[in-house]
Amino acid sequence: MKYIIPISMLVLAACGDKAPTTDDGDTNEEEPESTIPTDPITEPEVEPLEAVAVGFEYIGGWDEAAGTLTGWMVQDADGNLVEQDPYVLVSITNMDYFSEGAGTGNENICTLYADFIHVPAELTARPYNWSSPPSSAGMYPLDTTPATVWASYDGYLSFTGIASDTVESCIRIDDSFVFSVDSEGAWSTGLDAMHFGISFGELSDFFTTEMPTWYESGFSEDNGGPGSDIGLAYFEENKNAFITQYIHINHQDASSDEGFDFSGYDWNSGRLVNYASDGTVGLIPCSYDESIECYDMAVDAIPGERNTLVLGNAYWYEDFPNIDFDILGLGVPPEAVAPPEDEEEDEGEGDGEGEGDGEGEGDGEGEGDGSDSDDGSDDGSDSDDSDDSDDDSDTE
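Residues numbered from 1 in each chain as written. Predicted model: local features only at pLDDT ≥ 70, side-chain atom pairs only at ≥ 80, totals over all residues. Heavy atoms only, no water.

*Asks:* Sorry if this is basic, but what is going on with the packing of aromatic side chains here?
*Replies:* For the coordinates displayed, the defined rule picks out 36 aromatic pairs. Judged by centre distance (4.9 Å) and plane angle (25°), the ring pair of Trp-214 and Tyr-315 falls under stacked. Highlighted residues: Trp-214 in helix α2 (residues 205-218) and Tyr-315 in the loop between β20 (307-314) and β21 (318-319), separated in sequence by 101 residues. Note on Tyr-315: relative accessible area 9%, which makes it buried. Centre to centre, the rings of Phe-235 and Phe-242 are 5.4 Å apart; their planes meet at 35°, and the pair counts as tilted. The burial state of Phe-235 is the same as that of Phe-242; both residues are buried. Each member of the aromatic cluster is reached from another via a ring pair, and the members are Tyr-128, Trp-130, Tyr-140, Phe-206, Phe-207, Trp-214, Tyr-265, Trp-267, Tyr-315 and Trp-316. One residue, Arg-306, lies across the ring of Trp-150, its end atom 3.7 Å from the ring centre. (Phe/Tyr/Trp six-rings, centres within 6.5 Å; stacked < 30°, edge-to-face > 60°. Helix = DSSP H or I, 4+ residues; strand = E, 2+ residues; numbered from the N terminus. Buried < 20%, exposed > 50% of the residue type's maximum accessible area, 1.4 Å probe, protein only. Lys NZ or Arg CZ within 6 Å of the ring centre and 35° of its normal.)

*Asks:* What's the story with the nonpolar core in this structure? I'm lost.
*Replies:* What tends to happen in soluble globular proteins is that the nonpolar side chains get buried as a cluster. Residues Phe-56, Ile-92 and Leu-157 are the most contacted members of the largest nonpolar core, which totals 77 residues. Not counting residues up to four positions away in its chain, the partners in contact with Leu-157 are Phe-56, Val-88, Val-90, Ala-114, Asp-115, Phe-116, Asp-192, Ala-193, Met-194 and Phe-196. Counting residues in each nonpolar core, the second largest holds seven residues, with Ala-53, Phe-98, Ile-109 and Tyr-317 among its members. (Core = buried A, V, L, I, M, F, W, Y, C linked by side-chain atoms within 4.5 Å. Contact = heavy atoms within 4.5 Å.)

*Asks:* Whenever I open this one, the side chain of Asn-94 confuses me. Can you help?
*Replies:* In this structure, Asn-94 sits in the loop between β7 (87-93) and β8 (109-121). Accessibility expressed as a relative area gives 7% for Asn-94, which makes it buried. Only 3.3 Å separates the side chain of Asn-94 from the backbone nitrogen of Asp-96, close enough to count as a polar contact. Of note is the side chain of Asn-94, whose polar atom sits 3.1 Å from the side chain of Asn-108. With residues near it in sequence (within four places) discarded, Asn-94 still touches Leu-49, Glu-50, Val-52, Glu-107 and Asn-108. (Polar contact = N/O pair within 3.5 Å; in protein donor to acceptor, adjacent residues only side chain to side chain.)

*Asks:* Got a minute to help me understand the environment of Pro-141 in this structure?
*Replies:* Within the fold, Pro-141 resides in the loop between β9 (125-126) and β10 (151-162). Given the relative accessible area of 31%, Pro-141 is considered partly exposed. The sequence separation of Pro-141 and His-251 amounts to 110 residues, and the corresponding C-alpha distance is 6.8 Å. Every residue in contact with Pro-141, bar those within four places of it in the chain, is listed here: Gln-252, Asp-253, Asp-261 and Tyr-265.

*Asks:* I'm lost on the pairing of β20 in this one. Help?
*Replies:* The buried count for β20 comes to seven of eight residues, which makes it a mostly enclosed element. Relative to β20, strand β3 (residues 53-63) runs antiparallel, the two sharing five bridges. Paired with Asp-63 across the bridge in β20 is Asn-307. Sheet topology note: the strand β17 (residues 264-273)/β20 ladder contains six bridges and is antiparallel. Looking at β20, one finds that Gly-270 is bridged to Gly-312. (Pairing = 2+ DSSP bridges.)

*Asks:* Would you mind showing me how to read the environment of His-251 here?
*Replies:* Within the secondary structure, His-251 sits in strand β15 (residues 251-252). In the structure, His-251 is positioned 109 residues away from Leu-142 in sequence and 9.8 Å away in space, judged by C-alpha atoms. Those residues in contact with His-251 that lie beyond four places of it in its chain are Tyr-140, Gly-259, Phe-260, Asp-261, Tyr-265, Trp-267, Glu-318, Asn-322 and Ile-327.

*Asks:* Help me understand the side chain of Asp-324, please; the structure alone is not making it clear to me.
*Replies:* The topology assignment puts Asp-324 in the loop between β21 and α4 (341-346). There is no salt bridge for the buried Asp-324, and the closest opposite charge comes from Arg-126, which lies 18 Å off by N-O distance. Within the local environment of Asp-324, its side chain forms a polar contact with the side chain of Gln-252, the two groups lying 3.2 Å apart. (Lys, Arg positive; Asp, Glu negative; His and termini not counted. Salt bridge = Lys/Arg side-chain N within 4 Å of Asp/Glu carboxyl O.)

*Asks:* Would you mind showing me how to read unusual backbone geometry here?
*Replies:* Glycine aside, the phi torsion of most residues is negative, and most peptide linkages are trans. For the bond from Tyr-140 to Pro-141, the omega torsion is 0°, close enough to zero to count as cis. Backbone geometry at Ala-193 places phi at a positive 70°, although glycine is not the residue there.

*Asks:* What's the story with the state of the cysteines in this structure? I'm lost.
*Replies:* Note: disulfide means a covalent bond formed between the sulfur atoms of two cysteine side chains. Applying the stated rule across the entire model yields two disulfides. Between the sulfur atoms of Cys-110 and its disulfide mate Cys-170 the distance is 1.9 Å. Between Cys-110 and Cys-170, the S-S torsion sits near 95°, and that sign places the bridge as right-handed. Here Cys-110, found in strand β8, pairs with Cys-170, found in helix α1 (residues 167-172); they are 60 residues apart in sequence, far enough to count as distant. There is no split in this pair, since Cys-110 and Cys-170 are both buried. In this model Cys-286 forms its disulfide with Cys-294; the gap between the sulfur atoms is 2.0 Å. Residues Cys-286 and Cys-294 share a disulfide whose torsion about the S-S bond is about 100°; that sign makes it right-handed. Note on Cys-286: relative accessible area 1%, which makes it buried. (Disulfide = S-S within 2.5 Å.)

*Asks:* I'm lost on helix α3 (residues 228-238) in this one. Help?
*Replies:* In an α-helix there are 3.6 residues to a turn, and that puts residues three or four apart on one side. Gly-231, Tyr-234, Phe-235 and Asn-238 are the residues of α3 that are buried. The buried residues of α3 all sit within an arc of 95° when viewed along its axis, so they share a single face. Where α3 is buried, its residues contact α2, β14 (242-248) and β19 (289-295). (Arc of directions from axis to C-beta.)

*Asks:* Would you mind going over a negative patch on the surface with me for this structure?
*Replies:* Taken together, Glu-216, Glu-221, Asp-222 and Asp-229 make up a surface patch of like negative charges. Take Glu-221: it is sitting in the loop between α2 and α3. (Patch = residues over 30% accessible without salt bridge, like charges linked within 9 Å, V, L, I, M, F, W, Y side chains within 5 Å. Areas by Shrake-Rupley, 256 points an atom, 1.4 Å probe, with all protein chains shown as cover. Charge placed at Lys NZ, Arg CZ, Asp CG, Glu CD.)

If you want it as structure tokens, here you go:
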């Protein structure tokens, strides 16, 4: 699949884990665009970006009782409420992104938007081997003890857009499989239609141990924050609303008949955020400074009945040497793949009893999750505590 985007939108070990940057909440994040431009790209003369790792973040609603991934309401350019579909942010980085002090701009990262075409599923999720991360594709699958999860979804990614402030970085990527632009300015990625899944569960042991430190550091006065003790207090008062997003992609498994393993790993933390009365993301005065707004964290959500926005924060970006790109598209569940358009048009026409009716084959709930909107309101990024301190991003 190819897409067209305008250039005018420019604006230590393992390379996968990105140390948290600091954001005490005083500054709001810039919102991505709400529509996908269609003008062709023209390539400038620039230094190539050597892509070495990729991270995935689910941004969208989750209705636990209904077993669905859902959208939420945002304001369009005219101030009208419109529904924003859920999406997955796919961020491709170079090695410099993981260096201390780097990554504050967007020169080292290319972020793409993708729809998650999915169905509910039962998937195996595991703790990552944080003490000794794999360094090659042949080191998978990992044999860590499976984790208990609340819900899982299985399907594939359909890429729809580029974050406007990373277009220039995307064009600089030196691997044409990962990202390329043709002579007409249309872009494409070999990651399109890759097998993808996500599972939700309570904070893993890794995040339970590390996140208090991130909040303490991120809120420190040395980092321009209100104080380390305030950071720890914020984390503790909202701890029940922090979760783990287990990310599932295909890894090599020579011992399996399929040739791949689809276990998910605790690469992401996430936050459960309440909706406002109009269905938009819930924002409230921050407990540590009522002059600024924080997310209305869903600390009182009832297990089994959670119906909230889920904001994923990627901590681990999977190293490319760990990925066998030849098998990324294998194993997509047939029920997540919609029938061809001509087949749908033929439905009910003529005899064709039972032919091409595609019952049960549709996209599954949440399909077309709308990442084609680069809309940041989507994740409530206006809120000052969009810290993602819990992951590798900005701290609260």
